Amino acid sequence: MELFDRLSTSEPPVVREGIGTLVKRMDEVVDGFTVQDMLRECLLCPESELVELFSEEDKDQLLFRTLKHLALGGPMCQYEEALEPYLETTKRLYKSLLSVQKNSASGNVEVNS
């Protein structure tokens, strides 16, 4: 989950230091999603100052995509005010989607999804 540590240290801030709540902003609709905080801005707005917070390689990871789907939800989604519920749910869902096994031929550990 180190991938998301930068959300707590970014400039401009995504999360309020010490409190863990998401920093709010003026509502804007982008691609059918209401962007009402800096987390959604980071995930959806290509013109945001936060666009470089995650590399294209980061954005291709299953862990990142899981968080993005959970945070954006859909038209009837009730958003969380804090980052922690998103991180905890992402972690649990990610663990349930992956399995690890040892390849008997090579002896290497392999991840299956």
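Here the residue numbers are simple positions, counted from 1 along each chain's written sequence. The predicted origin of the model limits local features to residues at a pLDDT of at least 70 and limits the giving and counting of side-chain atom pairs to 80 or more, whereas totals for whole chains, interfaces and linings rest on all residues. Here the side-chain values reflect all heavy atoms present in the structure, with hydrogen atoms and water set aside.

**Some details on the nonpolar core**
And then number 1: Nonpolar core, defined: a set of buried Ala, Val, Leu, Ile, Met, Phe, Trp, Tyr and Cys residues in which side-chain atoms within 4.5 Å join the residues together. With a 1.4 Å probe rolled over the protein chains alone, any residue whose accessible area is under 20% of its type maximum counts as buried; one over 50% counts as exposed, and the rest are partly exposed. Residues F4, L7, V14, L39 and F54 are the most contacted members of the largest nonpolar core, which totals 27 residues.
And then number 2: Helix and strand labels come from DSSP, where a helix needs a run of H or I of at least four residues and a strand needs a run of E of at least two; each type is numbered from the N terminus. Among the secondary structure elements, those contributing two or more residues to this core are helix 2 (38–44), helix 4 (62–72) and helix 5 (84–97).

**Comments concerning the packing of aromatic side chains**
Any aromatic ring pair is given by two values, namely how distant the centres are and how the planes are angled relative to each other.
And then number 1: Pairing of aromatic rings covers Phe, Tyr and Trp, the last through its six-membered ring, and needs centres within 6.5 Å; plane angles under 30 degrees mean stacked, over 60 mean edge-to-face, and all others mean tilted. In total, this model carries two aromatic pairs according to the counting rule given.
And then number 2: Seen in terms of ring centroids, F4 and F54 are 6.2 Å apart; in terms of plane orientation they differ by 65 degrees. Their pairing is edge-to-face. Here F4, found in the segment before helix 1 (6–9), pairs with F54, found in the loop between helix 2 and helix 3 (56–59); they are 50 residues apart in sequence, far enough to count as distant. The two residues F4 and F54 agree in class, both being buried.
And then number 3: Three or more aromatic residues joined by ring pairs form one cluster here, namely F4, F54 and F64.

**Digging into unusual backbone geometry**
And then number 1: With an omega dihedral of 5 degrees, the bond running from E11 to P12 counts as a cis peptide bond.
And then number 2: Within the fold, P12 resides in the loop between helix 1 and strand 1 (24–30).
And then number 3: You will see that D31, though not glycine, has its phi angle at about 50 degrees, which is positive.
And then number 4: Relative to the helices and strands, D31 is located in the loop between strand 1 and strand 2 (33–37).

**Concerning the environment of S106**
And then number 1: With respect to the helices, strands and loops of the structure, S106 is situated in the loop between strand 3 (99–102) and strand 4 (109–112).
And then number 2: Look at S106 and you get partly exposed, because its relative accessible area is 42%.
And then number 3: Each C-alpha atom, one on S106 and one on I19, is 47 Å from the other, the two residues being 87 residues apart in sequence.
And then number 4: Reaching out from S106, the side chain makes a polar contact with the backbone nitrogen of N108 at a distance of 3.2 Å. In protein, a polar contact means a hydrogen-donor-capable atom and an acceptor-capable atom, both N or O and within 3.5 Å, with residues adjacent in sequence counting only if both atoms are side-chain atoms; elsewhere, any N or O pair within 3.5 Å suffices.

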